[in-house]
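Listed here are the chains, written in short residue letters.
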Amino acid sequence: MNLHEYQAKRLFAEHGIPIPPGEVASTPEEARQIARDMGGRAVVKAQVLTGGRGKAGGVKVAQTPEEAETYAKAILGMQIKGLTVNKVLVDALAPGIRQELYLAVLIDRGKRLPMVMASAAGGMDIEEVADKTPEKIHTVHIDPTLGVRSYQTIYLAKSMGLPRELWNDFHEIVAGLYACFKSNDASLTEINPLIITVDDHLMALDGKMSIDDNALSRRPRLAEMRDFDEEPEAEAEAREAGITFIQLDGNIGCMVNGAGLAMATMDIIKLYGGEPANFLDIGGGARADQVATALRLILSDPKVEAVLFNIFGGITRGDEVARGILSALEQIDTSVPMVVRLAGTNAQEGLALLAEADMMTAATLSEAAQKAVAAAEASRGVETAS
Amino acid sequence: MSILVDKNTRLLVQGITGREGTFHTNQMIAFGTNVVGGVVPGKGGQSFEGERGKLPIFDTVRAAAEATGANASIIFVPAKFAPEAMYEAADAGLPLVVCLTEHIPVLEMISVRAYLDQRQTRLIGPNCPGLITPGEAKVGIIPSSIVTPGTVGLVSRSGTLTYEVVFALTQRGIGQSTCVGIGGDPIKGMDFIDVLRLFEADPNTSEVIMIGEIGGNAEEQAARYIADHMTKRVTSFIAGLTAPPGRRMGHAGAIVEGKSGTAEGKIAALEAAGVQVAKNPDHIVEMIA
């Protein structure tokens, strides 16, 4: 789960990291009031869970409260990469910027340790920095039993060319960012840019934070921070039902048990000339009602021209899946062709149940994908003709 | 011969009285696994009433291991308690621990893995289907009906995709030495390299199938290991060519981060190491037959 900038920065502040004073507004009037309270000059920033806000015109510097209101009016309701802006952060304008730095804590899977990543090349896309000038990125790994040690932050500060006077403050910020990472079960805490002001202070101007979804059950406060408006409706409904669903742009809907098999099914659809319309993992031991919800979600996408079911029963039982498909079809009136491939636990029972329904069956995944692609082409032909 | 589990495996089931624990304990016993007891804190002294007889239940792994001579354990407890169960099994000195539990926080697994690295315990999982040596022992939930004894070793990050490939092998009469599902989590116990090393050394494994997916760099590391150390043929499939970057595809592990961890990169690394990579998992069988 990703947090908004304002949420991330508030958590940073709880760990002693300096941030500019600011408040969140959902209306232009609120934005004006906040700007006035902060002395007039402010930055109005779209709060939306995607990058590229600046380029999209979602970040503006206002010289007066009235200007803050005007900008907020333009930004609120704006679409950035398909997401609607519902809130703006109104931050006090930071003192002049001497330099922009980059600082993040994330997990290095290979070393199986949290890692601090820092760079003097802040304010830009860090992946681009890593790609073009990897020598400008400096890292240290944190032993969870030791925490951040001062020799590590001195190494980073020295590598980045930070003036000696800032080393202590920098250490406090790195230690704070790591504490914030650890105590919130984050998979990423990132400050970009971390600025050096003209009066030689460090300050987190922007903040990004991703939380490990598996930890939300033990972090109820963070779970409450989820912005439901930012999640596509279908994906939210799937999550509620315990299904993983990701909408894509293709024409063939698929329902599979297991993430690896679901990805492989998508790959094979593509291999045979189709495009997957979604990723959908019904998980292990899915019940009939979950299967019905899943099918409803797939069919709610008008681009779907055929549906492919690929269920390899282990914990999941073929007959249970078949019952879910049948119950969904009772509720939904659809002419979208469907191809079913069931194998493993209770596959024969499942196929027997589906024999009465108007569905194609396949013995292998390849056969199923080929039939689904052909059916999608055929249904497109019918539509064009009529 | 095989790797990790065989007729000499003496298995404890942590969480034997839960729904999954009960069902799969019966399945494992029916397959021929020597299950010697269960561990459920607070239920020590009671018995597990299995379909094929009773098994003793203990409060702790330590007591269970002392009483039964167990040399492996499988964990069927919820995510909240699974780290505790792994620490306990390792502390009791069991050489093999298999954890099926999904949804364990990553930072928790970093601590578990660091602890296990100081011990002699091998961990499979978490978030995995376990492993199976056809004709000898099954420690996990891989469906018994899809395997057959033979000499092809299989290692995979995925669950049901593994079943798909194993079943295709069995249908073509190609048997397996051991099938190992290492799980899809970013921080786990044994990784591809650890299992490949065992297959290379196992006289009864003639060749290996490796099934990977997007995310992380374990496949790239495995490619280097294969090039430098493997004499046996390795055939592979990598899932996720069509997965869009930055999206989590159900597994904690299956996510493309920036430019690293892509299916293209993994396939290129494996092919450079002399591994044949199938474009379709159904084709693996033809490639090795």
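Before reading further, recall that the structure is shown in the block above.
What you see is a predicted model, and the numbers here were worked out from it, not measured in a lab.

Caption draft 1: Main features of the overall build of chain B. In terms of helices and strands, chain B carries nine helices and 14 strands. Here the C-alpha radius of gyration of chain B, 18 Å, is about what a compact globule of 289 residues would show, namely 19 Å. Across its three principal directions, the C-alpha atoms of chain B cover 55 × 40 × 30 Å. Considering chain B as a whole, with its 289 residues, one finds that 62% of them fall into the buried category. For chain B, contacts bridging at least 24 residues in sequence account for 73% of all contacts bridging at least 6. Accessible area for chain B stands at about 10600 Å²; split by element, carbon and sulfur atoms hold 49% of it. A distance of 1 Å separates the average location of the 24 positive side-chain charges in chain B from that of its 29 negative side-chain charges.

Caption draft 2: Focus on the packing of aromatic side chains. All chains considered together, the criterion is met by four aromatic pairs over all chains. On the numbers, 5.3 Å between centres and 85 degrees between planes, the contact of Tyr87 of chain B with Tyr115 of chain B is edge-to-face. Taken together, the residues span a long stretch of sequence, with Tyr87 of chain B in helix α3 (residues 82-91) and Tyr115 of chain B in helix α4 (residues 106-117) at a distance of 28 residues. Residue class for Tyr87 of chain B comes out partly exposed when judged on its relative accessible area of 24%. By the ring-pair criterion, three or more aromatic residues cluster together here, those being Phe312 of chain A together with Tyr163 and Phe167 of chain B.

Caption draft 3: How the structure looks around the sheet that holds strand β8 (residues 130-133) of chain B. Residue and element names in this part refer to chain B. Reading across from one edge, β9-β8-β11-β10-β12-β13-β14 is the order of the seven strands in this open sheet, with mixed pairing throughout. Here the strands that pair on one side only, and so sit at the sheet edges, are β9 (137-140) and β14 (276-278). Sheet twist, expressed as the average angle between the axes of neighbouring strands with direction ignored, equals 20 degrees. Sheet topology places strand β13 (residues 233-239) next to β14; three bridges connect them, and they run parallel. By the bridge assignment for β14, Ser236 is matched with Val277. Contacts from helix α1 (residues 19-31) reach β8 and β9, with the element oriented near 165 degrees to β9.

Caption draft 4: Geometry of the nonpolar core. Ile74, Val98, Val155, Leu196, Ile209 and Met210 of chain B are the most contacted members of the largest nonpolar core, which totals 100 residues. Counting only domains with at least three residues in this core, you end up with domain 1 (10-124) and domain 2 (142-288) of chain B. In this view, Leu196 of chain B contacts Val155, Val208, Met210, Ala222, Tyr225, Ile226 and Met230 of chain B; residues no more than four positions away in its chain are not counted. Counting residues in each nonpolar core, the second largest holds 67 residues, with Ala8 and Phe12 of chain A together with Val39 and Tyr115 of chain B among its members.

Caption draft 5: Representation of α3 of chain B within the structure. All names here are of chain B. Listed as buried for α3 are Ala82, Pro83, Ala85, Met86, Ala89 and Ala90. All buried residues of α3 project into a common sector of 160 degrees when viewed along the axis, lining one side. Turning to α3, the residues buried within the fold contact β1 (11-14), α2 (61-68), β5 (72-75), β6 (96-99), α4 and β7 (122-124). A positive phi of about 85 degrees marks Gly93, the residue just after α3.

About the criteria used
- Residues numbered from 1 in each chain as written.
- Chains lettered and ligands numbered in written order.
- Predicted model: local features only at pLDDT ≥ 70, side-chain atom pairs only at ≥ 80, totals over all residues.
- Heavy atoms only, no water.
- Helix = DSSP H or I, 4+ residues; strand = E, 2+ residues; numbered from the N terminus.
- Rg over C-alpha atoms; globule rule 2.2 N^0.38 Å.
- Buried < 20%, exposed > 50% of the residue type's maximum accessible area, 1.4 Å probe, protein only.
- Contact = heavy atoms within 4.5 Å.
- Areas by Shrake-Rupley, 256 points an atom, 1.4 Å probe, with all protein chains shown as cover.
- Lys, Arg positive; Asp, Glu negative; His and termini not counted.
- Charge placed at Lys NZ, Arg CZ, Asp CG, Glu CD.
- Phe/Tyr/Trp six-rings, centres within 6.5 Å; stacked < 30°, edge-to-face > 60°.
- Pairing = 2+ DSSP bridges.
- Axes fitted to C-alpha atoms, helices over the stretch in contact; angles between N-to-C directions.
- Core = buried A, V, L, I, M, F, W, Y, C linked by side-chain atoms within 4.5 Å.
- Domains from an automatic or database assignment.
- Arc of directions from axis to C-beta.

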